[in-house]
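Summary of the model geometry
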Amino acid sequence: MSLTPATWTPLLTTRALGRAVNHYEHTLTSTNLVLKDMAKHGAPHGRLCLCEKQTAGRGRMDRQWSSPEGQGVWLSVLLRPSLPVENAPVITFCCALAMAKAVRQVTGLDAQIKWPNDLVLGGKKLCGILLEMGFDAQGYYVVAGTGLNVRRGAYPPELAHQATSIEEHGGVPDRGAIVAAYLGALEDALAAVEQQGFAGIAEDFRRSCITLGSQVNVIGTDMSFTGVAEDVDPAGALLVRTEDGLRRVLAGDVSVRGVMGYV
Ligand code: BTN
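Everything numeric in this text was worked out from a predicted model, so none of it was measured.

This next bit is on the sheet that holds strand S1 (residues 21–28). Pairing within the open sheet is mixed, and its seven strands lie in the order S1-S2-S3-S7-S6-S5-S4. If you trace the sheet from one side to the other, it starts and ends with S1 and strand S4 (112–114), each paired once. On average, each strand axis in the sheet is tilted by 20° relative to the strand beside it, whichever way the strands run. On top of the sheet, helix H4 (residues 175–196) reaches strand S2 (48–54), strand S3 (72–79) and strand S7 (139–149); it is set at about 30° to S3, its chief contact.

Our focus in this paragraph is the sheet that holds strand S8 (residues 215–219). Sheet architecture is open: five strands sit in the order S11-S10-S9-S8-S12, paired in antiparallel fashion. Of all strands in the sheet, those bounded by a partner on one side alone are strand S11 (245–249) and strand S12 (255–258). Going from strand to strand, the sheet's axes swing by 45° on average, the running direction of each strand aside. Summarising the sheet, S8 and strand S9 (residues 224–232) pair through five bridges and their orientation is antiparallel. Residue Val216 lies in a different strand from S9, and its bridge partner there is Gly227.

With that out of the way, let us pick up unusual backbone geometry. The step from Trp115 to Pro116 runs through a cis peptide bond, and the omega angle for that step is 5°. The residue Pro116 is located in the loop between S4 and strand S5 (118–121) in this model. In this structure, Met61 takes a positive phi of about 55° despite not being glycine. By the secondary structure assignment, Met61 is in the loop between S2 and S3. In this model, Asp62 sits at a positive phi of 60°, which is unusual for a non-glycine residue. One can find Asp62 in the loop between S2 and S3. Residue classification places Asp62 among the exposed positions, given a relative accessible area of 80%.

Reading the values: the criteria
- Residues numbered from 1 in each chain as written.
- Predicted model: local features only at pLDDT ≥ 70, side-chain atom pairs only at ≥ 80, totals over all residues.
- Heavy atoms only, no water.
- Pairing = 2+ DSSP bridges.
- Helix = DSSP H or I, 4+ residues; strand = E, 2+ residues; numbered from the N terminus.
- Axes fitted to C-alpha atoms, helices over the stretch in contact; angles between N-to-C directions.
- Contact = heavy atoms within 4.5 Å.
- Buried < 20%, exposed > 50% of the residue type's maximum accessible area, 1.4 Å probe, protein only.

Next comes the structure, spelled out in structure tokens:
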């Protein structure tokens, strides 16, 4: 079934998120690109852009994101948060937490967060999140793009060692129900961080974060180190215990990998 709004908006519990929707039945370059353009023309908080297939799906660190027709949830939502811009990075945690909750609620599968914002299932990547920020007369905005692998065909065979999908784990591949649940959970998480900062979601995040307690490699552009991920601090930074003491890792252009593999 396609993600035509009529199929899932009856499930929507939100006030703003997803109340204005652009759904593209056919090919789109990238929901992030299209929504960024809409944001530049004044689109409101909550506008959702989703499609069946992307030809130029974009991942973090300038990677491509495979997005074949009907195989996943490829969406972006425009957020104009009431949050100081320096706290905007916590929105990435809101998105990860919201998608983890949506997957659990709809499929019963225990998707977990790999800090800062990938979802994993059975040690492999299930979902990626790409946030892009811009500024206009209204303040700053965030285009929050989410790619969730639902069917087996969501990713190319050469990524099978590190990617997975809901279908492979026997979960109900109800994409519309996942979209509605994600938007509901994201609106709640945003409201919590708008009131309390990262503290508003910290406990939920810690419970869902598979990285905590694991030995990790932290790989940046000009450094790398190994340690045990102990906790996330009040700003959402990862605290990694190394031989030289506790190091604070900010979400950005670093990769955090398990020493035995992706997680
Ligand atoms: C990652 O590298 O892990 C992030 C992947 C984000 C992919 C999604 S699919 C919908 C939205 N549109 C894009 O072009 N990218 C994001």
